[in-house]
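Fold and geometry: a report
What follows is the residue order along each chain.
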Amino acid sequence: MKGKSEKTIGLFYGFIEEYGKLGDFVLHPARSRIAFASRVRFGYIHRLGKDFLDVALTFPRPYHDNLCFYRIGEVPGGKIFQHYLRIYHLHDINDEVKTFMKMALDAGS
């Protein structure tokens, strides 16, 4: 978190707090990412930007019909899909985002 803006730090802790309301998980620092794990890793904070967070959630299939993901990518060598969303404000964590967050958490449990 060294060198990150107060806004980004607030978004990080706010996102973790919101995720904690959905269920139990642990954080795993992994190289340049901070992964979320239950039984297995189900997502991670991809980037701590100047005034945003980039988050990736892991699913066994792509969910193209949504308003929150700006990119969906298949992980080479398997049927795993990373769904990327960008959070600028805590209110960006709306009901749709929370639904996908819960789905990823359940898939990792």
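Keep in mind the model is a prediction, meaning the values are calculated, not measured.

1. Some points on the overall build of the protein
Assigned secondary structure in the protein consists of 2 helices and 6 strands. Reading the helices (α) and strands (β) of the protein from amino to carboxyl end gives α-β-β-β-β-β-β-α. At 13 Å, the protein has a C-alpha radius of gyration in line with the 13 Å of a compact globule built from 109 residues. Viewed in the frame of its principal axes, the protein has a C-alpha envelope of about 35 × 30 × 25 Å.

2. Notes on the confidence of the model for the protein
One rule of thumb: low pLDDT means the predicted coordinates there are not for detailed reading. Confidence in the prediction for the protein averages 93 pLDDT; 100% of positions are at 70 or higher. The secondary structure element of the protein with the lowest average pLDDT is strand E1 (residues 26-30), at 88, and the one with the highest is strand E6 (residues 81-87), at 97.

3. Considerations on the pairing of strand E4 (residues 53-59)
Most of E4 sits out of view: 7 of its 7 residues are buried. Here E4 shows two buried faces, one formed by Leu53, Val55, Leu57 and Phe59 and the other by Asp54, Ala56 and Thr58. Where strand E3 (residues 41-48) lies against E4, 5 bridges are found, and the strand directions are antiparallel. By the bridge assignment, Tyr44 is partnered in E4 with Ala56. Taken together, E3 and the strand that follows it, E4, pair antiparallel across an intervening segment of 4 residues. Note that E4 and E6 share 7 bridges and pair antiparallel. Paired with Leu57 across the strands is His83, a residue of E6.

4. Some details on the environment of Asp51
Note on placement: Asp51 falls in the loop between E3 and E4. Judged by relative accessible area, Asp51 falls into the partly exposed class, the value being 32%. Considered as a pair, Asp51 and Leu11 are 40 residues apart in the sequence and their alpha carbons are 8.4 Å apart. Setting aside chain neighbours within four positions, we find Asp51 in contact with Lys7, Thr8, Leu11, Ile87 and Tyr88.

What counts and what doesn't
Residues numbered from 1 in each chain as written. Predicted model: local features only at pLDDT ≥ 70, side-chain atom pairs only at ≥ 80, totals over all residues. Heavy atoms only, no water. Helix = DSSP H or I, 4+ residues; strand = E, 2+ residues; numbered from the N terminus. Rg over C-alpha atoms; globule rule 2.2 N^0.38 Å. pLDDT = per-residue confidence, 0-100. Buried < 20%, exposed > 50% of the residue type's maximum accessible area, 1.4 Å probe, protein only. Pairing = 2+ DSSP bridges. Contact = heavy atoms within 4.5 Å.

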